[in-house]
Amino acid sequence: MPLLHTCPLCEALCGIEIDHDSNGRLTVRGDPQDPLSRGHICPKAAALPDLQDDPDRVRAPLRRQGSGWISVSWDSAMTQLAERIHRAQRDFGQNALGVYIGSPNVHHYDNLLALLVMGRVFQTHNRFSASSVDQLPQLFSQWAMLGNQSLFPVPDLDRTDHLLILGANPAVSNGSIMTAPGVMKRLAAIRSRGGCVVVVDPRRTRTAQAADRHVPLRPGTDPLLLLAMVHVIFAEGRVDDGAWRSFCDGLDRLEAAAAPWTPQRVATLTGIAPDQIRRLAVELVDAPRAALYCRVGSCTQRFGGLSTWLALALNIITGNLDRPGGMMFTTPAADMPALAARFGWLGHTGAWRSRAAGLPEFGDELPACAMASELELPGEDQVKVLLTVAGNPVLSTPNGTRLARALDGLDFMASLDLYINETSSHANLILPPPPPLSRDHYGLVFHTLAVHNTARYTKAPLERPPRTRREWDVLLDLGARLLRHRGGVVNSAQSVAMTKLRGAGPARVLDMALRVGPHALSLSRLQATPHGVDLGPLSPCLPGRLPRGRIDLAPDLLVGDLRRLKVAVDDGSLAPTDRLLLVGRRDLRSNNSWMHNSARLMKGRSRCTLLVNPQDARAMGLVEGGLAWVRSAVGQVQVPVQVDPDIMPGVVSLPHGFGHGREGSRQSVAAAHAGVSANDLTDPAVVDELTGNAVFNGVPVTVQAVEIQPASRDEA
Ligand SMILES: Nc1nc2c(c(=O)[nH]1)N[C@H]1C(S)=C(S)[C@@H](COP(=O)(O)OP(=O)(O)OC[C@H]3O[C@@H](n4cnc5c(=O)[nH]c(N)nc54)[C@H](O)[C@@H]3O)O[C@H]1N2
Ligand SMILES: Nc1nc2c(c(=O)[nH]1)N[C@H]1C(S)=C(S)[C@@H](COP(=O)(O)OP(=O)(O)OC[C@H]3O[C@@H](n4cnc5c(=O)[nH]c(N)nc54)[C@H](O)[C@@H]3O)O[C@H]1N2
Ligand code: SF4
Ligand SMILES: [Mo]
């Protein structure tokens, strides 16, 4: 009998079945009875057993000793960790602790719950996470417009007639803030029922190839395109007059904001002709049901906040928010947005700022771009002790090389991680979690972002390796110890409560969230239906789900940020020049910076290549397979060239998450396919100043062929 589980690697939430083949090896298949994924999986799922068996995976707590590592007991590791954090906070103030929370935490409900509890205990302003190298602009816009950062609209893929995709490549990413397993089938279905899919992207991606139309866009100019689209909707009197008008404010201010931005004015900057811009806009009105979906490509740029604001506003004024076939909200069994509202986690910004760069906090977190300088800059509030939880910021945040140096200057660092990698290799302690097949799964976040309401809870199919510990246990144990160190009656009582909560386990908390949720489910009910339950299509919920009961179409902070955009347009920094613009890309068999230690995923040709348009390659004397120097304001890397007509002229693309050749990391397969890190080129000083989000797209670079020195006679 196969054991049921759920793949935690990406956002698609595929149901899987774990079995053994005739040689006793673990196999992974899609679960055809999962109501959401219906048997779909991608090649990464097959590699889940590799994590289980990987000899490089950390199997017991490790303490640095000289240049090596020794394994230590959990108790000794936890005692040291709690003591070092306590001492630093006592001697240097609460902000001497820094915490970085990486993206896999969002895939494990128990991690998320533990981190929510620990927010209060850490008591530091120096909290960072992968949000600010990803979807922070969306959180910001949702907070400013809808009043709740967690109210993510998702495209109602299975019912839409027109999907406009901006800055996303679901053919490869499997969908993001759009949990839609088998997404390409769903996109094909739009077309086979007579609908249309359009992709706006500097590269003709696999998603674009499968669409009706691809519209190339110059990197970093999304807000200009979107402003011109808003302009067209108003100028042509096509603003929808549906029920949304009764609960939306600021229509006039939105119109005024977009008034100067005609399609003609932005055509050269965006690289899109005025009639094409007009067409992109009116299609959203003319289609019976349309959705404008924008993701990472539009977020991780200088004006990410403006992009996500304008995209949401366009969905509203074309009548496509909260209606079937448009952008809709889920009704998840454990209702995170509702819980966020209940506990007051709606969002806030600027309550404090990073010392060096002056970047604002959002929702209690400072931008990851501020992290290195908060470690480096001496004085009050300097980070002395850092805890990373499932993150690899040396490869995933701008100027990783500088961050790596800053990590070495810390008094103490600990990493909760599966591997000794580019980040954790700088730590004094590495604390290993169980691998994915040894942990229970519920898609607390991703059921909230799904194109259809379902719920699935799966128990760990394999036993937990004995010397690994769930983050739930590690973090709550740490919390209890820190409170004890702090002393006093209140702290002692809270410490006892935390130990009790730890003992109760995360499943109990999940059970409570399910019981108070809109479907009044329970854990036992989900355990009785392990393939998952179908909770129906997305359904309209506005204005009921809005904390203020109203939407602001033109929040002051966002309208105000248009000044910064205008300056950039006026000073020419968004205009075409001789410099090439770097953008990112993902690969189906990668997962950000990890999963590169699985031999089956890494076989085949190298994927860490620089895509260059043939026209640019000719101009620069670059040849397929030849090496090139890529240089930016902060660094340089040497990388093989891949000449590709699908990338627009003037743009080059490098994937992130590579660069495994750094000293200290111990991932033998990854090291054999090291590649270079795109984040040795990206610059933490160039951010979306409004939100603090990192900029990965539209990074100016120069590219130069590497001169191959002819071998000398002696060598020959
Ligand atoms: N240039 C460029 N940079 C980017 C991006 C880009 O498009 N371009 N994308 C950005 C985006 S969207 C994101 S989300 C970030 C990701 O940034 P991060 O979250 O910092 O990096 P990951 O590469 O996801 O690293 C995850 C780490 O968690 C560990 N890990 C995996 N599973 C577990 C687990 O269950 N428990 C624990 N404790 N550890 C685990 C892995 O070994 C790895 O070290 O990267 C960003 N960086
Ligand atoms: N296989 C795989 N799947 C993944 C991941 C992975 O690393 N590998 N990472 C996961 C994570 S953490 C996330 S956040 C999601 C992200 O999922 P997606 O949002 O789909 O992200 P990408 O695949 O990076 O697609 C971004 C697209 O934006 C385009 N782009 C670049 N610059 C610009 C620009 O200025 N404007 C516009 N409009 N487009 C631009 C790029 O060419 C690219 O095609 O994927 C998740 N899924
Ligand atoms: S699409 Fe994502 S969730 Fe599905 S099998 Fe692949 S990695 Fe796992
Ligand atoms: Mo991400």
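Scroll up a little and you will see the structure.
Description of the structure in this document. (Residues numbered from 1 in each chain as written. Chains lettered and ligands numbered in written order. Predicted model: local features only at pLDDT ≥ 70, side-chain atom pairs only at ≥ 80, totals over all residues. Heavy atoms only, no water.)

### What to know about the packing of helix 10 (residues 251–258) against helix 14 (residues 304–317)
Right, on to step 1. Packing of helix 10 against helix 14 brings their axes to within 12 Å, and their N-to-C directions diverge by 120°. Here helix 14 runs oblique to helix 10, going by the angle between their axes. The handedness of the crossing between helix 10 and helix 14 is left-handed. Facing Leu-251, Leu-254 and Ala-257 of helix 10, the residues of helix 14 in contact are Trp-309, Leu-310, Ala-313 and Ile-317.
Right, on to step 2. In terms of residue class, the contact of helix 10 with helix 14 is built from 7 nonpolar, no polar and no charged. (Axes fitted to C-alpha atoms, helices over the stretch in contact; angles between N-to-C directions. Helix = DSSP H or I, 4+ residues; strand = E, 2+ residues; numbered from the N terminus. Parallel < 35°, antiparallel > 145°, perpendicular 65-115°, else oblique. Left-handed = near helix turned anticlockwise from the far one by under 90°. Contact = heavy atoms within 4.5 Å. Nonpolar A, V, L, I, M, F, W, Y, C, P; charged D, E, K, R; others polar.)

### A look at the environment of Ala-144
Right, on to step 1. Along the chain, Ala-144 falls in helix 5 (residues 136–146).
Right, on to step 2. A residue is classified by how much of its surface remains accessible, and Ala-144, at 12% relative accessible area, is buried.
Right, on to step 3. Residues Ala-144 and Ala-554 lie 410 residues apart in sequence; the distance between their C-alpha atoms is 8.8 Å. (Buried < 20%, exposed > 50% of the residue type's maximum accessible area, 1.4 Å probe, protein only.)

### Digging into helix 10
Right, on to step 1. Among the residues making up helix 10, those that are buried are Leu-251, Leu-254, Ala-257 and Ala-258. Seen end-on, helix 10 carries its buried residues on one side only, within an arc spanning 125°. Of the exposed residues in helix 10, those oriented more than 90 degrees away from the buried face are Asp-252 and Ala-256.
Right, on to step 2. Among the structural elements, helix 9 (222–235), strand 12 (248–249), helix 14 and helix 23 (556–570) are those in contact with the buried residues of helix 10. (Arc of directions from axis to C-beta.)

### Quick look at the nonpolar core
Right, on to step 1. Within the largest apolar cluster, 152 residues are counted, with the highest numbers of intra-cluster contacts made by Met-229, Trp-309, Ile-317, Tyr-442 and Leu-478.
Right, on to step 2. It is helix 9 that provides the largest number of residues to this core, a total of 10 residues.
Right, on to step 3. Within the second largest apolar cluster, 31 residues are counted, among which are Trp-69, Ala-368, Leu-386 and Val-687. (Core = buried A, V, L, I, M, F, W, Y, C linked by side-chain atoms within 4.5 Å.)

### Examining the site of ligand 3
Right, on to step 1. With respect to spatial proximity, the complete set of residues near ligand 3 consists of Cys-7, Leu-9, Cys-10, Ala-12, Leu-13, Cys-14, Ile-41, Cys-42, Lys-44, Ala-45 and Asn-174.
Right, on to step 2. Here ligand 3 is seated within the second largest cavity.
Right, on to step 3. Looking at the shell around ligand 3, its residues break down into 9 nonpolar, 1 polar and 1 charged. (Near = heavy atom within 4 Å. 1 Å grid on protein atoms, 1.4 Å probe; cavity = no way out; pocket = protein on both sides within 12 Å on 5 of 7 lines; lining within 4 Å. Sits in = over half its atoms within 2 Å of the grid points.)

### A word on the sheet that holds strand 19 (residues 429–431)
Right, on to step 1. Across the sheet, 7 strands lie side by side as 5-4-19-18-17-6-7; this open sheet has mixed pairing. Lying at the two open borders of the sheet, with one neighbouring strand each, are strand 5 (68–71) and strand 7 (127–129). Across this sheet, the average inter-strand angle for adjacent strands is 20°, counted without regard to direction.
Right, on to step 2. Both strand 4 (residues 62–65) and strand 5 contribute to a ladder of 4 bridges, which runs antiparallel. Looking at strand 5, one finds that Arg-63 is bridged to Ile-70. (Pairing = 2+ DSSP bridges.)

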